[in-house]
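# Coordinate inspection notes
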Amino acid sequence: MFGAMPMRRVVLHLLRDDVERASLAVAEAGVLDPEAVEASELSELPGEGYASRYAAARLRFEKIVRYLDLEFEAPAVRELEPVAAPTLAELDDQLAPVWQECSRCEERQRRLNERRVQLAQQRAGLETFSRLDVDLSLFRDDRRFLDVRVGALDATQLERLREALSLIGFSVLEFHREASTSQVVVVGMKGVADDELKPVLRAAGFHALEVPLELSGHPEKLSRELEAKTAELDREMESIRACTERLRSEHLEALRKAAASLYAAAPFAALSGSLRSKGALVRLEGWVPKRELGALQARLAGMIDAFHLESRRPLPEELPGVPSVQRYPGWIRPFADLVRGYGTPRYDEFDPTWMFAVTFTLMFGMMFGDVGHGLVIAAASWALREKLKHFTRFGILAGISSTIFGFLYGSIFGYEHLLHPVWMSPLSDPMHLLMLALYWGIGFILLATSLSAWNLWRHGARRRALLGVKGVAGVLFYLGGLFVMARLAGGHEIGWLDALVVLVPLGAILAEVWRETSASPGERALVTFMEGFEAVMGYVSNTLSFLRVAAFSLNHAALAIAVMTLAGMLETTGYWIAVVIGNVIILVLEGGIVLIQVLRLEYYEGFARFFGGDGRAYRPLTLQAATGGRSDK
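I will try to describe carefully the structure that is included in this document. Source: prediction; values computed, not measured. Chains are numbered independently. Their residues run from 1 in the order of the written sequence. This being a predicted model, a pLDDT of at least 70 is required before a residue's local features are given, and a value of 80 or more before pairs of side-chain atoms are given or counted; all residues contribute to the totals for chains, interfaces and linings. Based on all heavy atoms of the structure, the side-chain values leave hydrogens and waters out of the count.

### Some remarks on empty space enclosed by the protein
The line we're drawing: Here a cavity is any set of points on a 1 Å grid over the protein atoms alone where a 1.4 Å probe fits but cannot get out, and a pocket is any open set with protein on both sides within 12 Å along at least 5 of 7 lines; a residue lines the site when it has an atom within 4 Å of a point. Grid points are joined across faces, edges and corners, and a volume is the space filled by probe spheres set on the points. Secondary structure is summarised from DSSP: a helix means a run of H or I of at least four residues, a strand means a run of E of at least two, and numbering begins at the N terminus for each. Just so you know the grouping, Ala, Val, Leu, Ile, Met, Phe, Trp, Tyr, Cys and Pro go in nonpolar, Asp, Glu, Lys and Arg go in charged, and all remaining residues, Gly too, go in polar.
In this structure the tally under the stated criterion is 3 cavities of 30 Å³ or more. Around the largest cavity sit M366, M367, G369, Y409, S411, E416, P426, S553, H556 and A557, which together line it. Those elements that provide at least two residues to the lining of the largest cavity are α9 (353-367) and α18 (547-568). Take the lining of the largest cavity: its biggest share by element is 3 residues, from α18. The residue inventory of the lining of the largest cavity, partitioned by class, reads 5 nonpolar, 4 polar and 1 charged.

### Brief notes about the environment of E20
Stated precisely, the cut-off is as follows: Between buried and exposed lies partly exposed: a residue is buried under 20% and exposed over 50% of the maximum accessible area for its type, with that area taken using a 1.4 Å probe on protein chains only. Any two residues whose heavy atoms approach within 4.5 Å are treated as being in contact.
Turning to its location among the elements, E20 is positioned in helix α1 (residues 19-29). Classification of E20 as buried rests on a relative accessible area of 19%. Separated by 267 residues in sequence, E20 and W287 place their C-alpha atoms 20 Å apart. The contacts of E20, once residues within four sequence positions are left out, are Y50, P82, V83, A84, A85 and F268.

### A short note on the side chain of S277
Rule in force here: Identification of polar contacts relies on pairs of N or O atoms within 3.5 Å, with a donor-acceptor requirement for protein atoms, meaning one able to donate a hydrogen and the other able to accept it, and with residues adjacent in sequence counted only if both atoms are side-chain atoms.
Position of S277 relative to the elements: it lies in strand β7 (residues 275-278). Among the polar contacts listed, one links the side chain of S277 to the side chain of R16, at a separation of 2.9 Å. Excluding residues that lie within four positions of it along the chain, S277 makes contacts with R16, L42, S43, E44, L45, P46 and V282.

### Quick notes on the packing of α9 against helix α13 (residues 430-458)
Here is the rule: To obtain each axis, a line is fitted to C-alpha atoms, and for helices this fit is confined to the stretch in contact; angles are then taken between N-to-C directions over 0 to 180 degrees. Under this scheme an angle from 65 to 115 degrees is roughly perpendicular, one under 35 degrees roughly parallel, and one over 145 degrees roughly antiparallel; angles in between are oblique. Crossing chirality is assigned from the near helix's rotation relative to the far helix, an anticlockwise turn below a right angle marking it left-handed and a clockwise turn marking it right-handed.
Where α9 meets α13, the axes come as close as 13 Å, and the angle between the chain directions of the two elements is 165°. On the basis of the axis angle, α9 is roughly antiparallel to α13. When the axes of α9 and α13 are compared, the crossing they make is left-handed. On the side of α9, the interface is formed by M355, T359, L362, M363 and M366, while α13 contributes W440, F444, L447 and L451.

From the geometry alone we can't say anything about function, so treat these as descriptive.
Below you can see the structure in the form of structure tokens.
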């Protein structure tokens, strides 16, 4: 429940002739996480050539089915047969001419698509000038006597431009108007300096329209030519579609068989980096959950006759690299994903998922307690279940927690007088609520630090587990500090015995830091002082951080009062509009902030104390994983 499933290191010995069949059996069992091992006595790589042939054949196959737009379902396990290296080479040879035909069709299609784009661009360019009854080359070629320009401007500036250009001998002809934009031709005699003409055009907002080089001739004639070219292009595209359909029908069955062969060959190719051999003997090593050893043994026995499977517990030096696999009920899966967002638990490390699920749910309810808001969150999560997937449970649990605390606080959609609080209204005794949040934080930090000591002990760092700031000495120092603060708050004087409760564990922590630091005496003293100061301030700041649990409970109630006060200043319709909008803002804005704050408390005040998160995820070889799917379990 709080740790990984027991794993076993397995070593599989088999004959080289059985490797393809054994790889298929391992993938069908779906429980072995293979590991490449350097073995001096077994220096050969039996799967190296196989993997390269498989990669070449699969790449060619994927190109073909992508072009032909084909999909093949995975064959049933009972239909799979091992694929030998020569068969894989033959398959690659068979796929080669098919891909050559597909490649030629694809290249033709690519060129035609490029041509289609060019024709579309020409058609769009011609649309601009289609209303001109002149040869379009007039606007592009350099004329001996005429200065001809075509462009667009705001229609309100047209008369002003005409008047201004008439002063320098130019005429403006409007050939199209669309909305508030006029398209015009500006014509005049050459010889007028640009420094006279351009400022006038610029002042009127004139934007020149460039005539594409390929548009030469009368627009009507060009339009007919483009239509003819488009029709020809459509006929060529139809011939390519016919070619593609022919290839699809001719090679469908062969491609289906190729898909099955590649699916069966994938496990051996995936294991190629983990297999080691010498002569006829092949070895495969990896990790298997203890309870799945029987399934692996049975699957191998059903596929091959000669093999030897050994298993043992992980050695101490292997623990950091042992894959970690946990099994969770459905409702806790979203919390497991959030934990994995921080890191993967090590095999020999406390798994915080269950603790995270419980404390997260409780803290969200404490900070966002409202019956109405909680029910809305739960209902919205259910309504969006198709998009949220398994995170639907996360939203429903958060909503239920908010609803329960809403009954405890006596709050529903911000109304504090409709329900009698089962426990207390947050604003009725803020100091009491703040103290409860402080006690919650103290308990949380003590639990997190105790887990840190336990993890350190399991990892073999026993001195740090006893004397480190995140070990037993840290727990005793924190408890001693709390004891002294309680004595001061009660008006008692602090004596030597009281001081020793804090100084002894702090001294042990500083002594351990001094011992672990390799430097000159001055540097060691500085490092020791800084570590001690950080330890003290860390415990203080982490404890005070939990005051936000109460602060957000008070903030939620205060926001509700503000909404109700504002609504009370309005008439009936305005009142309900203010209530609805105010509650929506509280739900979206404050709900999101509370979610972030709870995650922050979990990650930085909890996980940072005891959770390394540097574990290795369990990725067994499965048929799906071997062919490119997910293998995480």
